[in-house]
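Overview (structure and organization)
Residues per chain, in single letters:
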Amino acid sequence: MRLKSNIWVAAYLRRCQTEGVFGAVRRRGAEEAGAVFVKVSLLDGNAMLYAPAPQTVYDDGRPVDRFFVPVAPRALPEHTIEERLSKEIRFDPDAWIVETEDRAGRHFLELAKT
């Protein structure tokens, strides 16, 4: 059984805080199992967006893990990220949006192996 989204988000924001990175919930989704999108603002007009990894990357032995994939290989203009997030919300109104700010682009996420 996977950790509820609201608990995962709270733990993630606490991790960011302990690393000195500001983070906040921009949009609260379904508490039980809403998809979580993480935007990392680089504070220069660009950002990275991390989306939930496809279910095919999950190991049956570790079903509680949450893996993410970058939406693009490099930072994109923030307006491009915001357009993508708007589309995701229209597709899945239960989704969460978490935003952090870090000039170095640190995300503290488990990335799926591609």
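Residues numbered from 1 in each chain as written. Predicted model: local features only at pLDDT ≥ 70, side-chain atom pairs only at ≥ 80, totals over all residues. Heavy atoms only, no water.

- Going by the annotation in an unreviewed UniProt entry, the name recorded for the protein chain is DUF1491 family protein, with Bradyrhizobium daqingense given as the source organism.

Digging into the overall build of the protein chain
- Of regular secondary structure, the protein chain possesses two helices and six strands.
- Taken from the N to the C terminus, the helices and strands of the protein chain come in the order α-β-β-β-β-β-α-β.
- Taken over 114 residues, the protein chain has a buried fraction of 39%.
- Within the protein chain, residue pairs in contact and separated by at least 24 positions form 75% of the contacts whose partners lie at least 6 positions apart.
- Only carbon and sulfur atoms are counted for the fraction: they give 52% of the accessible area of the protein chain, which is about 6,900 Å². (Helix = DSSP H or I, 4+ residues; strand = E, 2+ residues; numbered from the N terminus. Buried < 20%, exposed > 50% of the residue type's maximum accessible area, 1.4 Å probe, protein only. Contact = heavy atoms within 4.5 Å. Areas by Shrake-Rupley, 256 points an atom, 1.4 Å probe, with all protein chains shown as cover.)

Structural notes on the pairing of strand E3 (residues 46-52)
- Buried residues dominate E3, accounting for five of its seven residues.
- Across four bridges, strand E2 (residues 36-41) lies against E3 in antiparallel orientation. Among the inter-strand pairings, Ser 41 is bridged to a residue of E3, identified as Ala 47.
- The turn joining E2 and E3, which pair antiparallel and follow one another in sequence, is formed by four residues; a positive phi near 65° is taken by Leu 43. (Pairing = 2+ DSSP bridges.)

Concerning the pattern of salt bridges
- Summed over all chains, the structure comprises nine salt bridges.
- As a salt-bridge pair, Lys 39 and Glu 78 come within 2.7 Å of each other at their nearest N and O atoms. Taken together, the positions of Lys 39 in strand E2 and Glu 78 in helix H2 (residues 78-91) put the pair 39 residues apart, joining distant regions of the chain.
- Here Arg 84 makes a salt bridge to Glu 88, at a shortest N to O gap of 2.9 Å. Residue Arg 84 and its partner Glu 88 are located together in helix H2, separated by four residues, close to a single helical turn.
- Using a relative accessible area of 15% as the deciding quantity, one classes Glu 88 as buried.
- Connected via shared salt-bridge partners are Arg 26, Lys 39, Glu 78, Glu 82 and Glu 99. (Salt bridge = Lys/Arg side-chain N within 4 Å of Asp/Glu carboxyl O.)

Some points on the packing of aromatic side chains
- Scanning the model with the defined rule gives two aromatic pairs in all.
- Centre to centre, the rings of Trp 8 and Phe 68 are 5.4 Å apart; their planes meet at 35°, and the pair counts as tilted. Here Trp 8 is found in helix H1 (residues 5-18), whereas its partner Phe 68 is found in strand E4 (residues 68-70), with 60 residues between them in sequence. Neither Trp 8 nor Phe 68 differs from the other in exposure class; each is buried.
- Three or more aromatic residues joined by ring pairs make a cluster, and in this case those are Trp 8, Tyr 12 and Phe 68. (Phe/Tyr/Trp six-rings, centres within 6.5 Å; stacked < 30°, edge-to-face > 60°.)

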